[in-house]
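Understanding the architecture of this molecule
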Amino acid sequence: MAPMQDTRQQQLLIAGGGIGGLAAALGAARAGWAVDLFERAPAFGEVGAGVQLGPNAVACLHAWGLEPALRAVAAYPERLQVRSALDGRVLAAMPLGRAIAARYGAPYAAIHRADLHGLLLDAVRAEPAVRLHLGETIAAHTEGSAGIMLRTVAGHRVQGDAFVGADGLRSATRARLLGAEPARVSGHLAYRAVVPQEALPERLRTTQVTAWLGPGLHVVQYPVRRGERMNLVAIRHGRAPDDLDHWDHAGHAGDLEGALRGTTPALQELVRAVPQAGGGWRLWPLSDRPPLQGAHEMAQGRVALLGDAAHPMRPYLAQGAGMAIEDAAALQQALAGCGSDVPQGLRRYAAQRWQRNARVQARAERNGRIFHATGPVRWARDWSLRLLGERLLDQPWLYRGPMAGTDTA
């Protein structure tokens, strides 16, 4: 008589209900796993502002059947341009829209972070194999040969076959797995705002992505919410105030406007228009971690890390959300093919992902130095952009997705 096969549905436990955690839950459910996702907040929600999604990330969303949901809420910029923050000149440009969709098989999208979170949450809620637990913080995990046990702060215990930490920059899962090494403070401050385009003078509205590069700072603007709103993010070198939690929007605005003295009047007008259009600036000090050094930093045994829990990165390649979505798609493939050897599946996931994530981390850090260059380096940057244009702005190694070429850091 042939031995009976184990037909029990395998169980994935996830810490974190942000974009990465929801994408992981969706991918795992599509791989045939049952999922328990634990979010420490009492309700799902996402703060922040805009997110740029390159074709590499959009292709993953389309593969999950989310193209209609994405098109209902996203904007699809027509062009990417880089301008000097000092004199306003266009240094380089690249078509997006249909051109980039034809080149890479998926478009370039811009979306409000809350809208991206919302469409993923809707997709996860439609999966009968996914259970969502709000107000639950993971206190500990214990791994054994047959599975993994989670204990929550409330004292609940949950058994599963694998555990994914998608719990962000200050991941407690990461600390338990790799040690409590604090994130690296970048010394950069990000000011973010979203404003209704109809509240802006017509000359300030946009259908494209514009990056303004200046000494020690840069500003990026692009449409979100089907083009109805504009996202702005300004990043400069600086130290966050000690009373950051109590620093109001007006304080952010005055500080930012002071940092932009000496830049082109067009850029200063754009930033001043934010409060006039009813928008407010929010301030975030930026932190990251050094590029990954090996697959062991993304998975060990039955535990894996995903998104910012594994590889927080600076925003200078606009790929933080994109890499988390790619991680989730790779996790789906690994879980679908691992059978009963779950640790082997997670090793495969980490081996596929760590070098690409490390490369993006390193490129993002390098881009920050280039964006904020001063003196002769700034002159050389501007000259190169004017000379090479689209060849510098396009990123085939990135936009074709993780299987395009060799991904070495």
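Here is what the cut-offs are and how they apply
Residues numbered from 1 in each chain as written. Predicted model: local features only at pLDDT ≥ 70, side-chain atom pairs only at ≥ 80, totals over all residues. Heavy atoms only, no water. Phe/Tyr/Trp six-rings, centres within 6.5 Å; stacked < 30°, edge-to-face > 60°. Helix = DSSP H or I, 4+ residues; strand = E, 2+ residues; numbered from the N terminus. Buried < 20%, exposed > 50% of the residue type's maximum accessible area, 1.4 Å probe, protein only. Lys NZ or Arg CZ within 6 Å of the ring centre and 35° of its normal. Core = buried A, V, L, I, M, F, W, Y, C linked by side-chain atoms within 4.5 Å. Contact = heavy atoms within 4.5 Å. Polar contact = N/O pair within 3.5 Å; in protein donor to acceptor, adjacent residues only side chain to side chain. Expected span 1.5 Å × (residues − 1). Pairing = 2+ DSSP bridges. Axes fitted to C-alpha atoms, helices over the stretch in contact; angles between N-to-C directions. Salt bridge = Lys/Arg side-chain N within 4 Å of Asp/Glu carboxyl O.

**Notes on the packing of aromatic side chains**
Counted under the stated rule, the structure contains three aromatic pairs. Centre to centre, the rings of Y108 and Y399 are 6.1 Å apart; their planes meet at 90 degrees, and the pair counts as edge-to-face. In this pair, Y108 sits in the loop between α4 (97-104) and β6 (109-112) while Y399 sits in helix α13 (residues 396-399), placing the two residues 291 residues apart along the sequence. You'll find Y108 and Y399 in the same group, each marked buried. An aromatic cluster is built from Y104, Y108 and Y399, whose rings are joined through pairwise contacts. We note R192 situated over the ring of W284; from NZ or CZ to the ring centre the distance is 5.1 Å. In this arrangement the basic side chain of R359 is found over the ring face of W397, its NZ or CZ atom lying 4.0 Å from the centre.

**Regarding the nonpolar core**
By size, the foremost hydrophobic cluster in this structure holds 73 residues, and its most contacted members are L12, L53 and L116. Here the element with the most residues in this core is helix α9 (residues 320-337); it accounts for nine residues. Sequence-distant contacts of L53, defined by excluding residues within four places in its chain, comprise V58, L61, L70, P107, Y108, A109, I111, L116, A321 and I325. By size, the runner-up hydrophobic cluster in this structure holds 34 residues, among which are V220, I235, Y316 and F371.

**Considerations on the side chain of Q208**
Inspection of the secondary structure assignment puts Q208 in the loop between β12 (184-196) and β13 (209-214). Classification of Q208 by relative accessible area gives buried; the value is 18%. Of the polar contacts made by the side chain of Q208, one reaches the side chain of R79; its length is 3.1 Å. Leave out the neighbours within four places in its chain, and Q208 touches P77, E78, R79, Q81, Q221, Y222 and P223.

**Thoughts on helix α5 (residues 113-125)**
For α5, spanning 13 residues, the distance from its first C-alpha to its last is 18 Å, which sits close to the expected 18 Å at 1.5 Å a residue. For α5, every residue scored as buried is listed here: D115, L116, H117, L119, L120, L121, A123 and V124.

**As for the sheet that holds strand β1 (residues 11-15)**
Whenever strands of a sheet pair, they do so through backbone hydrogen bonds, lying parallel or antiparallel. Pairing within the open sheet is mixed, and its six strands lie in the order β7-β2-β1-β11-β18-β17. Each edge of the open sheet carries a strand with a single partner, namely β7 (130-134) and β17 (299-300). In terms of strand pairing, β1 meets strand β11 (residues 162-165) through four bridges, oriented parallel. Along β11, the bridge assignment pairs A15 with G165. Together, β11, β17 and β18 (303-305) form the strand contacts of helix α10 (residues 342-371), whose direction differs from that of β18 by roughly 20 degrees.

**Points about the pattern of salt bridges**
Applying the stated criterion across every chain, the model contains 19 salt bridges. A salt bridge links D288 to R314, with the shortest nitrogen-to-oxygen separation between them at 2.9 Å. Linking D288 in strand β16 (residues 282-288) with R314 in the loop between β18 and α9, this pair joins segments that are 26 residues apart in sequence. Residue E365 pairs with R369 through a salt bridge whose shortest N-O separation is 3.9 Å. Residue E365 and its partner R369 are located together in helix α10, separated by four residues, close to a single helical turn.

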